Amino acid sequence: MKSKESGHDYEYNIVNKNIRIYASVRDYTFLKYLRLVMKWGMAYSKMTPSELELLLYLYAEGRFTRGDFSEFKKVTGVLSHISVAKLVRDGWIRSWGKTKQTDKELFLPTNKAVALCNRMHKMLLGEEEIPETSRSNPLLKGGDKTFLGLIKKMNKDNRKKG
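All values derive from a computational prediction rather than experimental measurement.

Trainee: What is the right way to read the overall build of the protein chain from this model?
Mentor: When you go through the protein chain residue by residue, the secondary structure sums to six helices and five strands. Along the protein chain, helices (α) and strands (β) appear in the sequence β-β-β-α-α-α-α-β-β-α-α when read from the amino end. Per-residue burial for the protein chain yields a buried fraction of 33% across its 162 residues. Relative to all contacts within the protein chain whose residues are 6 or more apart in sequence, the contacts with residues 24 or more apart total 46%.

Trainee: What exactly am I supposed to notice about the pattern of salt bridges here?
Mentor: Pairs may arise between side chains of opposite charge once their charged atoms sit close together. Scanning the model with the defined rule gives nine salt bridges in all. A salt bridge links Lys-32 to Asp-157, with the shortest nitrogen-to-oxygen separation between them at 3.4 Å. Remark: Asp-157 occurs in helix α6 (residues 148-161) and Lys-32 occurs in the loop between β3 (19-23) and α1 (34-45); sequence separation between them is 125 residues. The exposure class of Asp-157 is buried, given its relative accessible area of 19%. Three or more residues joined by partner-sharing salt bridges are found here, namely Lys-32, Lys-153 and Asp-157.

Trainee: Sorry, what's going on with α1 here?
Mentor: A turn of α-helix holds 3.6 residues, and therefore any two residues three or four places apart point the same way. For α1, which comprises twelve residues, the first-to-last C-alpha distance of 16 Å matches the rise-based estimate of 16 Å (1.5 Å per residue) to within 8%. Of the surrounding secondary structure, the elements contacted by the buried residues of α1 are α2 (49-61), α5 (111-125) and α6.

Trainee: Explanation requested: the packing of aromatic side chains in the structure shown.
Mentor: Note on aromatic pairs: each is described by the distance of the centres and the angle between the planes. This structure, assessed with the given rule, holds five aromatic pairs. Ring geometry for Phe-64 against Phe-72: centres 6.2 Å apart, planes inclined by 65°, an arrangement best described as edge-to-face. Taking 6.0 Å as the distance between ring centres and 25° as the angle between the ring planes, the aromatic pair formed by Phe-64 and Phe-107 counts as stacked. Here Phe-107 lies in strand β5 (residues 105-109) and Phe-64 lies in the loop between α2 and α3 (66-76), a separation of 43 residues in the sequence. The exposure class assigned to Phe-64 is buried, which follows from its relative accessible area of 0%. The structure contains a cluster of three or more aromatic residues connected by ring pairs, namely Tyr-57, Phe-64, Phe-69, Phe-72 and Phe-107. If you follow Lys-112 out to its NZ or CZ, it ends over the ring of Trp-92, 4.3 Å from the centre. Stacked on the ring of Tyr-44, the Lys or Arg Arg-119 has its end atom at 5.5 Å from the ring centre.

Trainee: It is not clear to me how the environment of Thr-133 should be interpreted in this structure. Could you clarify?
Mentor: Topologically, Thr-133 is positioned in the loop between α5 and α6. Spatially, the C-alpha atoms of Thr-133 and Gly-143 are 9.9 Å apart, while their sequence positions differ by ten residues. Among the polar contacts made by the side chain of Thr-133, one reaches the side chain of Ser-136 at a distance of 2.8 Å.

Criteria and thresholds
- Residues numbered from 1 in each chain as written.
- Predicted model: local features only at pLDDT ≥ 70, side-chain atom pairs only at ≥ 80, totals over all residues.
- Heavy atoms only, no water.
- Helix = DSSP H or I, 4+ residues; strand = E, 2+ residues; numbered from the N terminus.
- Buried < 20%, exposed > 50% of the residue type's maximum accessible area, 1.4 Å probe, protein only.
- Contact = heavy atoms within 4.5 Å.
- Salt bridge = Lys/Arg side-chain N within 4 Å of Asp/Glu carboxyl O.
- Expected span 1.5 Å × (residues − 1).
- Phe/Tyr/Trp six-rings, centres within 6.5 Å; stacked < 30°, edge-to-face > 60°.
- Lys NZ or Arg CZ within 6 Å of the ring centre and 35° of its normal.
- Polar contact = N/O pair within 3.5 Å; in protein donor to acceptor, adjacent residues only side chain to side chain.

Here it is in structure tokens:
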């Protein structure tokens, strides 16, 4: 049985007259593991959630000025402790030059930032697996196996799709 309520598409599989099980009608499920990929990204980059969210936003924007950076911080709801200087110092963004019209300094995500964001996108799309060993996954370092089961499940789900 398909329904439309509040503009959302979903499907219920009727088990019996009293039990309905929800099922998504979407062909994609990349948001299912968003939190896990974010956790991996934070462990890999040693960034806070706010810093990583801001970096993902900046990555999508490409070039930006300090004024744009301040606006992006408002859009993403990032706290004020993150500055252009900090991201430059940590190697996530770099100066690119100045605009001709206003002579404002322009910034870009570095190759390191682009590589991180690309890996996260590939993981969410099922094109790359999250490493399952502590040797290659900082999320599992120190013997913490909290996320290992979910990582294996995500990788298995993505292999089924591929």
